[in-house]
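Chain and residue survey
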Amino acid sequence: MNVALGGTFDPVHDGHRKLFERAFELGDVTVGLTSDELAPKTRHVERYVRPYEGRKRDLEAELEPLAAAHDREFTVRKLEEPTGIAVEPRFDALIVSPETKAGGKRINEIRESRGHDPLEIVVVDHVPAADGDRISSTRIVAGEIDEHGNLTPDREGRGATRPE
């Protein structure tokens, strides 16, 4: 099975790792990583997103051991538009989080309009942080939690603009 998922992944956290784990359970994985131009447009909260190459390097370091553990292949591709790679006919399944489920539905509408089979949409629940709210990159960047959801009240976050 060919599995797709996408995101900005800045920084990678345990919620992302749960998505990746589920993807590799199903098959070979292609991760669409938002381009520098697309990344700010996909944020709910304005914040600085690290450059693509650094995010790609960190993402590949996360994916390599998971792929090896599941005896799977993976590829990271640049996403230039929100529907990204998943509209391509080669994919069988799309991994989404609860808030991106509607995007999966839109991708299937595009696929069907192009004569492709719909994807199996696999929803992976959020991972809660120590305070019960979900782990998110936005919360990590704000300094509220670390990548594992531990509260970090004494840590400063990064701002909405590129650091000097």
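This report concerns the structure included in the present document. Because the structure is a prediction, the values reported are computed rather than measured. (Residues numbered from 1 in each chain as written. Predicted model: local features only at pLDDT ≥ 70, side-chain atom pairs only at ≥ 80, totals over all residues. Heavy atoms only, no water.)

1. Re the sheet that holds strand β5 (residues 120-123)
Adjacent strands of a sheet pair through backbone hydrogen bonds, lying either parallel or antiparallel. Across the sheet, which stays open at both edges, the five strands sit in the order β3-β2-β1-β4-β5 with parallel pairing between neighbours. Both edges of this open sheet fall to β3 (74-79) and β5, since each of them pairs with a single strand only. Within the sheet, the average angular offset between the axes of one strand and its neighbour, ignoring direction, is 25°. Here strand β4 (residues 93-96) pairs with β5 via four bridges, running parallel. Within β5, the residue paired with V96 across the bridge is V123. Packing of helix α2 (residues 52-70) onto the sheet brings it into contact with β2 (28-34) and β3, and relative to β3 it is tilted by some 155°. (Pairing = 2+ DSSP bridges. Helix = DSSP H or I, 4+ residues; strand = E, 2+ residues; numbered from the N terminus. Axes fitted to C-alpha atoms, helices over the stretch in contact; angles between N-to-C directions. Contact = heavy atoms within 4.5 Å.)

2. Some words on the pairing of β2
Put simply, side chains in a regular strand alternate between the two faces of the sheet. Most of β2 sits out of view: six of its seven residues are buried. Between strand β1 (residues 2-7) and its parallel partner β2, the chain crosses via helix α1 (residues 14-26), and the hand of that crossover is right-handed. Both β2 and β3 contribute to a ladder of six bridges, which runs parallel. Across the sheet, residue V31 finds its bridge partner in β3, namely V76. (Buried < 20%, exposed > 50% of the residue type's maximum accessible area, 1.4 Å probe, protein only. Right-handed = clockwise from strand over helix to strand, strands pointing away.)

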